[in-house]
Amino acid sequence: MSTEPKDKDLSRNLGEPLNFIEEIIEKDLAEGKNDGRVHTRFPPEPNGYLHLGHAASICLNFGLAQKYKGKCNLRFDDTNPITEETEYVESITEDVRWMGFTPDQILYSSDYFEQLYGFAVDLIKKGLAYVDDSTAEEIAAMKGTPKEPGKNSPFRERSVEENLDLFERMRKGEFAEGSKVLRAKIDMASPNMHLRDPFLYRIKHAHHHRTGDKWCIYPMYDMAHGQSDSIEKITHSICTLEFVPHRPLYDWLIEKLGIFPSKQYEFARRNFSYTVVSKRKLLQLVNEGHVSGWDDPRMPTISGLRRRGYTAAALRNFADRIGVAKRENVVDIGLLEFCVRQDLNKKAARVMAVLDPLKVVLTNYPEGKTEWMETVNNPEDESAGTRKIPFTRELWIERGDFMEDPPKKFFRLGPGRLGRLKSGFIIQVDDFVKDENGKVTELHCTYFPESRSGSDTSGLKPKATLHWVSVEHAIPAEVRMYDRLFTVENPLSGEKDFKEYINPDSLKVIKNALLEPALKNAKPGGSYQFFRLGYFTPDPDSTEDKLVFNRAVTLRDAWAKAKKKK
RNA sequence: UGGCCCAUGGUGUAAUUGGCAACACAGCAGUUUUUGGUACUGUCGUUCAAGGUUCGAGUCCUUGUGGGCCAACCA
């Protein structure tokens, strides 16, 4: 405790560099803005599942609130009733919670519909908004292009009274969908397209997931987002770069309305190699059956990664490492895998599982005998304790751990070779049996009784340690081996449609893996390291008599890498 | 003949705000190891270009180049 600095606020960032948003916040704090408050928000639209990009945004917004002892709301930006659903609200809420954050408040833009309507009326009264009867095509034609100015709508100069009347009747449902819109009256010649009399309200005779049929006019993003920020007294409204051109409109509306001046700041969206993170693309993968659903373990969705066996701690650490900036980026997904391994290495219990079994018969081991061998649960965590695993005359080992004609660099089993069975005994291969196809079906070995793990007096030094499972005690399981969903770094930049780059081997199902008996009661959410194979987690598809495991990530594998190079 | 944003090793970010370009991942080589895991050590490699300001520029200015964004009754 003596090394703990007295002044927490001062020590807060000593030594660690700030990202550009933290710099803005600290400057604001130093200048006494917002009474020293920091209030952010995470504002998803409930029209899809959250993905890796959102995970980073969640960590940013909630992380900032934590760091500066502020608040962070979860606000659903639900102003488009056509695409939004309760299912998405539920998954998003769960994902945020699972990520380890608790929103200060859970709110909805739709909570503010009445207030937002009032804001619109206020703008009309100030002569800053008007009802336009033009068709969508006419409005588009009058909009101009980025290089040419637009033209004023013939309805632009309607009187305040007429606008008020029309807008009220829009609300009452007197007009057909698409027949009228409310637009801000700004500048049709602005070089910023978003200032060319942007839409504020549109008519949609649609059922809303929360307000039901109460409304038939709905505010556009620009009429809702900044105002919601303002209503919640958000101090720092953080969004992605594509909203930069919206900022003048964000500020214009707040200024004209005379409401709390929330400020918008933008950062570059994060892209990740070997995957896609656009809701439209992800929806396609789901709808076209390329994956089993939004939570398919190959999906970059938070729910998919969770099911895959990735941990929230790994995701948080990842978000922290990739940082936040304003330039285009493609984050190496290998860094996420590194974070997952790093976290799981400390937490996951080591267990024995054989994925491609090859039988070993210890010819000098008594039939019917079982020795319960003690083994460490996690060498990285002494507090994880120990357990016992059954050792018998007949065992399963990994087929890949034996070679009939091993090269020098291969130091596992071969004819005459020694091998250490983890937490068991050292064995030597005396003979092997093949079937008519030349496939090795069985190894005949002798074991060295004096080589027992922990009390080895044999003096033998095998080069490899192998995992194994007792034939008699093994429990069967299905194991789903997941790999990256795409074969190329950027599936979107190729010549072909991104789905052409889907990795045909992104899922390999092993129907008859064999596990040590201790795994009998494994439950989804748990993390295990299958010794020497990788990190695995039970899938919710598991049943009483059939366990299903998902591979989260392999172990780093120097041998596999060396083989690949050849 | 539009406006805006951006540019630092292979990747992602730093650089005490004008003072010796660094951290992580990846790569390579090695040590340790009852996981070809972990841990540890070493190593490779960086300021888009050209001018300018300055004793001094990744940082400031100008121009250029390259990339991105901006038109939806989407967010």
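Up top is the structure these notes are about.
The rules behind these values
- Residues numbered from 1 in each chain as written.
- Chains lettered and ligands numbered in written order.
- Predicted model: local features only at pLDDT ≥ 70, side-chain atom pairs only at ≥ 80, totals over all residues.
- Heavy atoms only, no water.
- Near = heavy atom within 4 Å.
- Polar contact = N/O pair within 3.5 Å; in protein donor to acceptor, adjacent residues only side chain to side chain.
- Helix = DSSP H or I, 4+ residues; strand = E, 2+ residues; numbered from the N terminus.
- Pairing = 2+ DSSP bridges.
- Axes fitted to C-alpha atoms, helices over the stretch in contact; angles between N-to-C directions.
- Contact = heavy atoms within 4.5 Å.
- Core = buried A, V, L, I, M, F, W, Y, C linked by side-chain atoms within 4.5 Å.
- Buried < 20%, exposed > 50% of the residue type's maximum accessible area, 1.4 Å probe, protein only.

Draft legend 1. Seen up close, the protein's contact with RNA strand B. Taken together, 66 residues surround RNA strand B, and among them Gly178, Arg321, Arg327, Arg412 and Ser453 come closest. Close to the protein, within 4 Å, the atoms of RNA strand B belong to sugar or phosphate groups at a rate of 60%. Arg321 is positioned such that a nitrogen or oxygen atom in its side chain is 2.4 Å from a sugar or linking oxygen of RNA strand B. Interatomic distance of 3.4 Å between a backbone N/O atom of Asp332 and a sugar or linking oxygen of RNA strand B. Tallying contributions element by element places helix 14 (residues 558-565) first for the surface near RNA strand B, with four residues.

Draft legend 2. Main features of the sheet that holds strand 2 (residues 71-76). Strand order in the open sheet formed by three strands is 1-2-3, with parallel pairing between adjacent strands. The open sheet has two edge strands with one neighbour each: strand 1 (39-42) and strand 3 (106-108). For this sheet the average axis-to-axis angle between neighbouring strands, irrespective of direction, equals 35°. Pairing geometry for strand 2 and strand 3, over three bridges, is parallel. Within the sheet, the bridge partner assigned to Leu74 lies in strand 3 and is Ile106. Against the sheet, helix 3 (residues 52-67) makes contact with strand 1 and strand 2, and its axis sits at roughly 160° relative to strand 1, the strand it touches most. Against the sheet, helix 4 (residues 86-98) engages strand 1, strand 2 and strand 3, with an angle of about 160° to strand 2.

Draft legend 3. The nonpolar core, seen in detail. Leu52, Ile58, Val96, Met99, Leu315 and Leu336 are the most contacted members of the largest nonpolar core, which has 40 residues in total. Those elements giving two or more residues to this core turn out to be helix 3, strand 2, helix 4, helix 11 (302-308), helix 12 (312-322), helix 13 (333-347) and strand 25 (547-554). For this core, the leading source of residues is helix 3, giving seven residues. When near neighbours in sequence (up to four residues on either side) are disregarded, Leu315 contacts Leu52, Trp98, Met99, Leu305, Tyr310 and Leu336.

Draft legend 4. Fine view of unusual backbone geometry. One non-glycine residue, Lys69, lies in positive phi territory at about 50°. The topology assignment puts Lys69 in the loop between helix 3 and strand 2. For Lys69, a relative accessible area of 66% translates into the label exposed.

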